[in-house]
Amino acid sequence: MNEQIIARHWIPLIAPKAAPALATSTVLILARIWNASGAEHSTGNAVLMTALSLAAGAAGVFASIGYAGDKVIAGTAFATSGALAFTGIAGYTDGLSLPLLLWVLATVAAYGLATRYWRTDRRTTVAHERHTTVRREEHAHIERVEALKAGAQIESARAGAAYAEQLATALITRAALPGFNPQTLTEAGLPQLPATDRDAA
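Residues numbered from 1 in each chain as written. Predicted model: local features only at pLDDT ≥ 70, side-chain atom pairs only at ≥ 80, totals over all residues. Heavy atoms only, no water.

Chemist: How should the packing of helix H3 (residues 71-92) against helix H4 (residues 97-175) be read in this particular structure?
Modeler: In a packed pair of helices, the relevant descriptors are the angle between the two axes and the axis-to-axis distance. In the contact formed by H3 and H4, the axes pass within 8 Å of each other and the chain directions differ by 160°. Classified by the angle their axes make, H3 and H4 are roughly antiparallel. Between H3 and H4 lies a crossing of left-handed hand. Where H3 abuts H4, its residues Phe86, Ile89 and Ala90 lie against Leu98, Pro99, Leu102 and Trp103. Partitioned by chemical class, the residues of the contact of H3 with H4 number 7 nonpolar, no polar and no charged. (Axes fitted to C-alpha atoms, helices over the stretch in contact; angles between N-to-C directions. Helix = DSSP H or I, 4+ residues; strand = E, 2+ residues; numbered from the N terminus. Parallel < 35°, antiparallel > 145°, perpendicular 65-115°, else oblique. Left-handed = near helix turned anticlockwise from the far one by under 90°. Contact = heavy atoms within 4.5 Å. Nonpolar A, V, L, I, M, F, W, Y, C, P; charged D, E, K, R; others polar.)

Chemist: Explain the confidence of the model for the protein to me, please; I cannot follow it from the model alone.
Modeler: Detailed reading of the predicted coordinates is not advisable wherever pLDDT falls low. Looking at the protein, the pLDDT average stands at 78 and 82% of residues meet or exceed 70. Ranking the elements of the protein by mean pLDDT puts helix H6 (residues 197-200) last, at 52, and H4 first, at 87. (pLDDT = per-residue confidence, 0-100.)

Chemist: Quick question: what am I supposed to make of H4 here?
Modeler: For an α-helix the count is 3.6 residues per turn, leaving residues at separations of three or four pointing the same way. With 79 residues, H4 should cover 117 Å at 1.5 Å per step; its first-to-last C-alpha distance of 114 Å lies within 8% of that length. Burial in H4 covers these residues: Pro99, Thr107, Ala114 and Ala140. (Expected span 1.5 Å × (residues − 1). Buried < 20%, exposed > 50% of the residue type's maximum accessible area, 1.4 Å probe, protein only.)

Chemist: Before we go on, may I ask you to explain the environment of Gly82 in this structure?
Modeler: Looking at the element boundaries, Gly82 is found in helix H3. Relative accessible area serves as the criterion here: at 40%, Gly82 is assigned to the partly exposed category. The spacing of Gly82 and Ser53 is 29 residues in sequence and 6.8 Å in space, taken between C-alpha atoms.

Chemist: So what exactly am I meant to see when it comes to a nonpolar patch on the surface here?
Modeler: A cluster of nonpolar side chains, namely Val61, Phe62, Ile65 and Phe78, defines an oily patch on the protein surface of about 430 Å² accessible area. Of all the elements, helix H2 (residues 43-65) adds the most residues to the nonpolar patch, at 3 residues. (Patch = residues over 30% accessible without salt bridge, like charges linked within 9 Å, V, L, I, M, F, W, Y side chains within 5 Å. Areas by Shrake-Rupley, 256 points an atom, 1.4 Å probe, with all protein chains shown as cover. Salt bridge = Lys/Arg side-chain N within 4 Å of Asp/Glu carboxyl O.)

Chemist: I would appreciate a short explanation of the layout of surface pockets in the present structure.
Modeler: One simple way to see leftover space: roll a probe sized like a water molecule over the atoms. In this structure, the largest pocket occupies an estimated 740 Å³ of space. Lining the largest pocket we find 20 residues, and of these Gly75, Phe78, Ala79, Ala110 and Leu113 sit closest to its centre. Mapped by element, the contributors of at least two residues to the lining of the largest pocket are helix H1 (10-39), H3 and H4. For the lining of the largest pocket, the element with the highest residue contribution is H3, accounting for 9 residues. Along the lines of polarity and charge, the residues of the lining of the largest pocket split into 14 nonpolar, 4 polar and 2 charged. (1 Å grid on protein atoms, 1.4 Å probe; cavity = no way out; pocket = protein on both sides within 12 Å on 5 of 7 lines; lining within 4 Å. Points joined across faces, edges and corners; volume = space filled by probe spheres on them.)

Right under this line is the structure:
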């Protein structure tokens, strides 16, 4: 069985691995742009980002302990809370050392969480590929067995037809021999041959 080989481009392969670093870097860049635009030492902006971060964290807590217990919503809310807190600190401070430190910590934490989901996704993908391979092999085995059965039946039918044709030819040839007596075959226990015109004469 020939399988189609699909060569994937390197960008779709590397994009999921670079997504956490791109996300944290984007937040850091936007926060520093916000800092340069007047957010540095702005109490009102700091209070706003703190309130938004606490609200997102509270939403994550309620989503995780609520009746439904949706882990996706809770994880999104906690990630939003962390991003808002990171943005507020990076936008409020005047130096780059603390924002860069927080960027490194946020990137490491993002990769730590993403690795867990990548591992789970990889296990699911491998299990699906194994299941698909097993089913494909089973179907191929069944097809091969059925093909062998059909070939054996065809060969058996051909052999039976050839034997019947040879037997009929032998009987006709023997009946045409001079001095052939079909009664002798009947007395010997062989089936009686049909009478020919010469016998009737």
